[in-house]
Amino acid sequence: MTGEATVVKNAGSHFLLSELPQWKPFPAVLKGKVRLSGSEATNPVAVGDRVSFESLQEPSLEHPASIVKVLDRKNYLIRRSTNLSRQSHVIAANLDMAFLVVTLYFPEIKLPFLDRLLVTCEVYGIPATIVVNKVDIFRKEFPEELDSFRRIYEGAGYRVLETSALTGEGIDELREATGSPGDGRVCLFSGESGVGKSSIIKALDPSLNPKVGDISLSHLQGKHTTSLYEMYPLTSGGFLIDSPGLRGFGLVDLKKEEVALYFPEMLKASRECRFTPCTHTHEPDCAVKRAVEQGIISPERYNSYLGMLEEDKKFR
Ligand code: GDP
Ligand code: ZN
């Protein structure tokens, strides 16, 4: 038999495939020639990849299907060991949405870090939704900070969901955003340790709890566990990829003139800049700087942008 399926688990040399949105995982291995496909990534196949497979019989552990081809990716997320490293590892492919789980405090958020993640998502063409968890605390203790956070990111064009894994607030809305039966939506959940990502996933779908705990644990234990990415079916219909902190993801090679292309609100404003390209720093008649002065672009986002330009210099 032959067919097309999605990689739902990547265990290095072994894979599980399923014909999403149907959830019926079966084992598969790579055929040699696929392994040697000439990409710079250390892994040619990642969770989320659509592949064609062949199998002489019903695939089983003894007789896994063979992956013969990786189909074109609509997007993918890579991790580089360092900014200068040539080696990269594809973490996941064909993501419909990345949910970036954050808190304002406990742990305290660093906006430039979040902005870097958002830039990364833009670079790779992955729609991002920001999930502010622990709002049970923030609404009471830091209502202004919560409002201002929402204003900054909604102003930049992102959807901001407020959740509390503790009270259940916002969980239904989040669940809806992860998809419904039959649409085969694949969602990446990412967040720094302590923001409550595991608690949210458990609130979304209690049946996932033990597995989610397991993978977080294995990620903590091993430094070379990059092949452990795995997809889980949500009873509400979507598919979830749990990912540990996004630290290494923030590293993308961008030229100075390119950075602003990935701040959607700056890209929009920059059409009115007098110079092209414009770095939106020292140039006269810069529409981005004007938008910052007018409060249309938030100073926080603009600062993150400047920070990324500076960092870029360090690497050159
Ligand atoms: P993870 O490291 O991101 O997976 O975070 P956990 O799910 O392990 O949660 C970290 C801590 O935050 C735990 O002590 C949770 O009980 C707590 N926590 C998680 N979600 C919430 C929330 O919505 N409100 C409050 N107040 N605490 C939360
Ligand atoms: Zn400009």
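About the cut-offs
Every chain begins its residue count from 1, and numbering advances along the sequence as written. Throughout, the order in which chains and ligands are written sets their labels, letters from A for the former and numbers from 1 for the latter. Local features are withheld for residues below a pLDDT of 70 in this predicted model, meaning they are given only at 70 or higher, and side-chain atom pairs are given and counted only at 80 or more; totals for whole chains, interfaces and linings count all residues. Hydrogen atoms and water are omitted, and side-chain values are computed over all heavy atoms in the structure. Here, axes are lines fitted to C-alpha atoms. For helices the fit covers the stretch in contact, and angles between N-to-C directions go from 0 to 180 degrees. Secondary structure elements follow DSSP: runs of H or I of four or more residues count as helices, runs of E of two or more count as strands, with numbering from the N terminus. Any angle between 65 and 115 degrees counts as roughly perpendicular, while under 35 counts as roughly parallel, over 145 as roughly antiparallel, and the rest as oblique. A crossing counts as left-handed when the near helix is turned anticlockwise from the far one by less than a right angle, and as right-handed when that turn is clockwise. Here a residue-residue contact requires only that any non-hydrogen atoms of the pair lie within 4.5 Å. The predictor's confidence in any single residue is recorded as pLDDT, a number from 0 to 100. Here the term donor refers to an N, O or S atom within 2.8 Å of the metal (or 3.2 Å for Na, K and Ca), and because water is left out of the atoms, sites may appear incomplete. By the criteria applied here, four donors are tetrahedral when all angles lie between 85 and 135 degrees, four are square planar and six octahedral when opposite donors are over 155 degrees apart and every other angle lies between 65 and 115, and any other arrangement is irregular. Two strands make a pair as long as DSSP finds a minimum of two bridges between them. Two aromatic rings from Phe, Tyr or Trp, using only the six-membered ring of Trp, form a pair when their centres are within 6.5 Å; if the ring planes differ by under 30 degrees the pair is stacked, by over 60 it is edge-to-face, and anything between is tilted. Any residue under 20% of the maximum accessible area for its type is buried, any over 50% is exposed, and the rest in between are partly exposed; the area is computed with a 1.4 Å probe on protein chains only. Lysine and arginine charges are scored as sitting over a ring when NZ or CZ, respectively, is within 6 Å of the ring centre and within 35 degrees of the ring normal. Definition of a polar contact: a pair of N or O atoms within 3.5 Å, with one able to donate and the other able to accept a hydrogen when the atoms are protein atoms, and with sequence-neighbouring residues admitted only if both atoms are side-chain atoms. Being near a molecule or strand, for a residue, means having at least one of its heavy atoms within 4 Å of it. Only the protein chains shown count as cover for residues, and the accessible areas themselves come from Shrake-Rupley with a 1.4 Å probe.

### Side note on the packing of helix 2 (residues 111–124) against helix 4 (residues 143–155)
Argument step 1. As a packed pair, helix 2 and helix 4 sit with axes 13 Å apart at the nearest point and diverge in direction by 25 degrees. Here helix 2 is positioned roughly parallel relative to helix 4, judged by the angle of their axes. By crossing handedness, the relation of helix 2 to helix 4 is classed as right-handed. Here helix 2 contributes Leu111, Leu114, Asp115 and Leu118 to the contact with helix 4, which in turn contributes Phe149, Ile152 and Tyr153.

### Some details on the confidence of the model for the protein
Argument step 1. Counting all residues, the mean pLDDT for the protein is 87, and 84% of those residues have values of 70 or more.
Argument step 2. Ignoring residues within four places in sequence, the model shows residues 210–227, a span with pLDDT below 50, making 21 contacts including any to other chains.

### Considering the coordination of the zinc ion (ligand 2)
Argument step 1. The protein atoms that coordinate the zinc ion (ligand 2) are Cys273 (SG), Cys278 (SG), His280 (ND1) and Cys286 (SG), at distances of 2.1 to 2.4 Å.
Argument step 2. Taken together, the four donor atoms coordinating the zinc ion (ligand 2) and their angles of 102 to 119 degrees define a geometry best described as tetrahedral.
Argument step 3. Along the chain, the residues donating to the zinc ion (ligand 2) fall in the pattern C-x4-C-x1-H-x5-C. Separated by 13 residues along the polypeptide, cysteine 273 in the loop between helix 8 (264–270) and helix 9 (287–293) and cysteine 286 in the loop between helix 8 and helix 9 bring together distant segments of the chain.

### A short note on the sheet that holds strand 9 (residues 128–132)
Argument step 1. What the six strands build is an open sheet, ordered 10-9-8-11-13-12; its pairing is mixed. At either margin of the open sheet sits one strand with a lone partner, and together these are strand 10 (159–162) and strand 12 (231–233). When the angles between neighbouring strand axes are averaged without regard to direction, this sheet yields 30 degrees.
Argument step 2. With four bridges joining them, strand 9 and strand 10 adopt parallel strand pairing. Counted as the bridge partner of valine 132 is glutamate 162 from strand 10.
Argument step 3. The strands touched by helix 2 within the sheet are strand 8 (97–102) and strand 9, with strand 8 carrying the most contacts at an inclination of about 175 degrees.
Argument step 4. Of the strands in this sheet, strand 8, strand 9 and strand 10 touch helix 4, which is tilted by about 155 degrees from strand 10.

### Brief notes about the packing of aromatic side chains
Argument step 1. All chains considered together, the criterion is met by eleven aromatic pairs.
Argument step 2. Both rings, one in tyrosine 105 and one in phenylalanine 142, keep their centres 4.4 Å apart while their planes meet at 40 degrees; by these two values the pair is tilted. Of this pair, tyrosine 105 sits in the loop between strand 8 and helix 2 while phenylalanine 142 sits in the loop between helix 3 (135–141) and helix 4; the two residues are 37 residues apart in sequence, bridging distant segments of the chain.
Argument step 3. Centre to centre, the rings of phenylalanine 149 and tyrosine 153 are 4.8 Å apart; their planes meet at 40 degrees, and the pair counts as tilted. Of this pair, phenylalanine 149 and tyrosine 153 are both found in helix 4, four residues apart, which corresponds to roughly one turn of the helix.
Argument step 4. Exposure remark for phenylalanine 149: the relative accessible area of 4% places this residue in the buried category.
Argument step 5. Taking the relative accessible area as the measure of exposure, tyrosine 153 reaches 0% and is therefore buried.
Argument step 6. Over the ring of tyrosine 76 we find arginine 73, and its NZ or CZ is 5.7 Å from the ring centre.

### Observations regarding the side chain of serine 55
Argument step 1. Relative to the elements of secondary structure, serine 55 occurs in the loop between strand 4 (50–54) and strand 5 (65–70).
Argument step 2. A distance of 2.5 Å separates a polar atom in the side chain of serine 55 from the backbone oxygen of glutamine 57.
Argument step 3. When sequence neighbours within four positions are dropped, the list of residues in contact with serine 55 reads Met1 and Ala65.

### Here's the deal with the side chain of serine 18
Argument step 1. Mapped onto the fold, serine 18 is located in strand 2 (residues 14–18).
Argument step 2. A distance of 2.9 Å separates a polar atom in the side chain of serine 18 from the backbone nitrogen of lysine 24.
Argument step 3. If sequence neighbours within four positions are ignored, serine 18 has contacts with Ala5, Thr6, Val8, Trp23, Lys24, Pro25 and Phe26.

### Describing the site of ligand 1
Argument step 1. The immediate surroundings of ligand 1 are formed by 15 residues, with Asp136, Gly194, Lys197, Ser198 and Ser199 found nearest.
Argument step 2. Here asparagine 133 contributes a side-chain N or O atom positioned 3.1 Å from a nitrogen atom of ligand 1.
Argument step 3. One of the backbone N or O atoms of glycine 196 is found 2.9 Å from an oxygen atom in ligand 1.
Argument step 4. In isolation ligand 1 exposes 580 Å². Once the protein is present, 67% of that is buried.
Argument step 5. Those elements that place two or more of their residues in the shell around ligand 1 are helix 3 and helix 6 (197–204).
Argument step 6. Per-element accounting of the shell around ligand 1 gives the leading share, three residues, to helix 6.

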